[in-house]
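Residue-level listing of the chains:
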Amino acid sequence: MARIFSGIQPTGQKHLGNFIGAITRYVEWQDRGEGIYCIVDLHATTVAYEPKVLRSGLYDLAALMLAAGLDPERAIFFRQSDVPEHAELQWLLTSVTAYGELQRMTQFKDKSAKQELVSAGLFTYPVLMAADVLAYRADTVPVGDDQRQHVELMRNVAERFNARFSEQLVVPEGVYPEIGARIMDLSDPGSKMSTTGSTEKGTVYVLDEPKTILKKFKSAVTDSDNEVRYAPADKPGVSNLLEILAVARGTSVAALEGEFTRYGDLKAAVGEAVVDYLAPVRERYADLRADEAQLEQTLGAGAEKARAIASEVVADVRDAMGVGPVRARV
Ligand code: TYM
């Protein structure tokens, strides 16, 4: 059985890219294997942030994921900082991570350009990500396209550790959605939809009001040749709309291409489909978000289960590295 791990940051409002590229897939995959899903609050401290906003953002995201159908009885669902083994393993793995490798990370280059203080944490961020996954010997990592380089790094780190010390770690595989791996900004379809980089008009939030969603799709940027055809390189705006519609309706892009002759009809159809697609989450969200004590209880129970796995793996890693006393085996 597959062991699936993925993480998501509790920063900003979650958008359609996070939802399609990640959250819905966690929900779908929870029956395909042993799912372990983590809200990565430690990662969120690597750029400028407000402690209060971080904490409330964490509850927002926990409620959103539960509203989307993540079932804490079927998957392990927890907060990263509740399992200190993540931070410990990160430190241990920095010794098998190359400085040059971290320097090449494009997300580091993009994010550091926007920071007044470029923290060492931002630089070693991908090592914490590697620790997240490797601490569970997870083999499958569902993520969007923007995480490819980070997944490659964690594979290198695991391979290097196994070769240098002993075969303790599982080398994980990234899995990317066939459609919707890179949802683009509706107003600027050359850039991905993102928490910090994309335009407000072109970013659809999961909890946007239906009328806001319709408006954003109505003003989506397309192109001037008026042909509804899937061609991401030449027609990024139209192709993005087709991908979103395919996901929202649960069909293929090819099945949709012939359905529309006018851009206006396509935009209206995508807007309506997305409103319907997100409606169940909106309906369930408010009640879940209102009960922080219940959210804490859910996350705490998840952390206990996570810790039972991670503490064993980290003890094996320490032992293999000669750190601490020889591990007693029963
Ligand atoms: P984060 O929080 O930025 O994004 C969460 C997930 O959403 C996906 N995503 C997208 N998918 C499609 N289209 C988009 N426009 C789009 N934007 C974001 C991301 O690919 C991701 O899957 N470093 C990670 C969090 C993390 C993690 C991990 C992931 C920490 N530890 C271990 C996997 C395994 C991040 O910042 O994701």
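Predicted model, so just to flag it, every value in this text is computed and none were measured.

Undergrad: Sorry, what's going on with the overall build of the protein here?
TA: Along its length, the protein carries 12 helices and 5 strands. Projected onto the principal axes, the alpha-carbon positions of the protein cover approximately 70 × 45 × 40 Å. By residue count, 52% of the 330 residues in the protein fall in the buried class. Pairs at least 24 apart in sequence give 75% of the contacts found in the protein among residues at least 6 apart. Averaging the positions of the 37 positive and the 47 negative side-chain charges in the protein gives two centres separated by 2 Å.

Undergrad: Where do I start with the packing of aromatic side chains in this structure?
TA: Here the distance between the centres and the angle between the planes together describe a pair of aromatic rings. Inspection of the entire model under this criterion finds 7 aromatic pairs. On the numbers, 5.5 Å between centres and 85° between planes, the contact of phenylalanine 19 with tyrosine 277 is edge-to-face. Pair noted here: phenylalanine 19 is in helix H1 (residues 16–29) and tyrosine 277 is in helix H11 (residues 263–290), with a separation of 258 residues, a long-range link. As far as burial versus exposure is concerned, phenylalanine 19 and tyrosine 277 are alike and both buried. Joined through ring pairs, the aromatic side chains of Phe5, Phe78 and Tyr136 make up one cluster. Taking NZ or CZ as reference, arginine 32 lies 4.5 Å from the ring centre of tryptophan 29, over its face. Cation over ring: arginine 148 sits above tyrosine 176, and NZ or CZ is 3.8 Å from the ring centre.

Undergrad: Any chance you could explain the pairing of strand S1 (residues 2–8) here in plain terms?
TA: When a strand is regular, its side chains alternate between the sheet's two faces. Taken across its 7 residues, S1 has 5 buried, putting it largely inside the fold. Alignment of S1 against strand S2 (residues 33–39), held across 7 bridges, turns out to be parallel. In the strand pairing of S2, arginine 3 is matched with glutamate 34. As for the winding sense of the linkage, the β-α-β connection from S1 through H1 to S2 is right-handed.

Undergrad: Explanation requested: the site of the ligand in the structure shown.
TA: The environment of the ligand is made up of 26 residues, and the closest members are Tyr125, Asp132, Gly144, Asp146 and Ile183. Aspartate 132 has a polar side-chain atom sitting 2.6 Å from a nitrogen atom of the ligand. Aspartate 146 has a polar side-chain atom sitting 2.4 Å from an oxygen atom of the ligand. In isolation the ligand has 720 Å² of accessible area, and contact with the protein removes 96% of it. Those elements that provide at least two residues to the shell around the ligand are S1, H1 and helix H6 (120–134). Taken together, the residues of the shell around the ligand sort by class into 12 nonpolar, 11 polar and 3 charged.

Undergrad: What is the right way to read the nonpolar core from this model?
TA: Proteins that are soluble and globular tend to have nonpolar side chains buried together. With 58 residues, the main nonpolar core has Leu16, Met65, Phe77, Phe217, Leu266 and Val274 as its most contacted residues. Considering every element that reaches this core, the biggest residue donor is H11, with 11 residues. Other than its neighbours up to four places away in sequence, leucine 16 contacts Gly21, Ile183, Met193, Val204, Phe217, Ile244, Val274 and Leu278. Residues Cys38, Ala131, Leu134 and Val313 belong to the second largest nonpolar core, which totals 43 residues.

Undergrad: How should I be thinking about the pattern of salt bridges in this particular structure?
TA: It is possible for side chains of opposite charge to pair when their charged atoms get near one another. Overall, the coordinates contain 24 salt bridges when judged by the stated rule. Here arginine 3 ties to glutamate 34 by a salt bridge, and the two come within 3.2 Å at their closest N and O atoms. Of this pair, arginine 3 sits in strand S1 while glutamate 34 sits in strand S2; the two residues are 31 residues apart in sequence, bridging distant segments of the chain. Close ionic contact of aspartate 316 with arginine 327 constitutes a salt bridge, the shortest N to O distance being 2.5 Å.

Undergrad: Would you mind showing me how to read the side chain of aspartate 41 here?
TA: Tracing the backbone shows aspartate 41 in the loop between S2 and helix H2 (51–67). In this structure, aspartate 41 is buried with no salt-bridge partner, the nearest side chain bearing the opposite charge being arginine 79 at 4.6 Å. One polar contact links aspartate 41 to serine 81, side chain to side chain, over a distance of 2.6 Å. With residues near it in sequence (within four places) discarded, aspartate 41 still touches Pro10, Leu54, Leu58, Arg79, Gln80 and Ser81.

Undergrad: Can you walk me through the side chain of aspartate 316 in this structure?
TA: Of note, aspartate 316 is situated in helix H12 (residues 292–321). In terms of polar contacts, aspartate 316 uses its side chain to reach the side chain of arginine 137, at 3.0 Å. Leave out the neighbours within four places in its chain, and aspartate 316 touches Arg137, Gln168, Arg327 and Arg329.

Undergrad: Teacher, can you tell me more about helix H9 (residues 236–249) here?
TA: Helical geometry: 3.6 residues make up each α-helical turn, so side chains three or four residues apart lie on a common side. Here H9 spans 20 Å end to end across 14 residues, near enough to the 20 Å set by a 1.5 Å rise per residue. H9 sits mainly inside the fold: 12 of its 14 residues count as buried. Of all the positions in H9, only Gly237, Val238, Ser239, Asn240, Leu241, Leu242, Glu243, Ile244, Leu245, Ala246, Val247 and Ala248 are classed as buried. The inward-facing, buried residues of H9 contact H1, helix H8 (210–218), helix H10 (253–257) and H11. Trailing H9 by a residue or two, glycine 250 shows a phi angle of about 70°, which is positive.

Each value, and the rule that gives it
- Residues numbered from 1 in each chain as written.
- Predicted model: local features only at pLDDT ≥ 70, side-chain atom pairs only at ≥ 80, totals over all residues.
- Heavy atoms only, no water.
- Helix = DSSP H or I, 4+ residues; strand = E, 2+ residues; numbered from the N terminus.
- Buried < 20%, exposed > 50% of the residue type's maximum accessible area, 1.4 Å probe, protein only.
- Contact = heavy atoms within 4.5 Å.
- Lys, Arg positive; Asp, Glu negative; His and termini not counted.
- Charge placed at Lys NZ, Arg CZ, Asp CG, Glu CD.
- Phe/Tyr/Trp six-rings, centres within 6.5 Å; stacked < 30°, edge-to-face > 60°.
- Lys NZ or Arg CZ within 6 Å of the ring centre and 35° of its normal.
- Pairing = 2+ DSSP bridges.
- Right-handed = clockwise from strand over helix to strand, strands pointing away.
- Near = heavy atom within 4 Å.
- Polar contact = N/O pair within 3.5 Å; in protein donor to acceptor, adjacent residues only side chain to side chain.
- Areas by Shrake-Rupley, 256 points an atom, 1.4 Å probe, with all protein chains shown as cover.
- Nonpolar A, V, L, I, M, F, W, Y, C, P; charged D, E, K, R; others polar.
- Core = buried A, V, L, I, M, F, W, Y, C linked by side-chain atoms within 4.5 Å.
- Salt bridge = Lys/Arg side-chain N within 4 Å of Asp/Glu carboxyl O.
- Expected span 1.5 Å × (residues − 1).

That is the geometry; function is a separate question.
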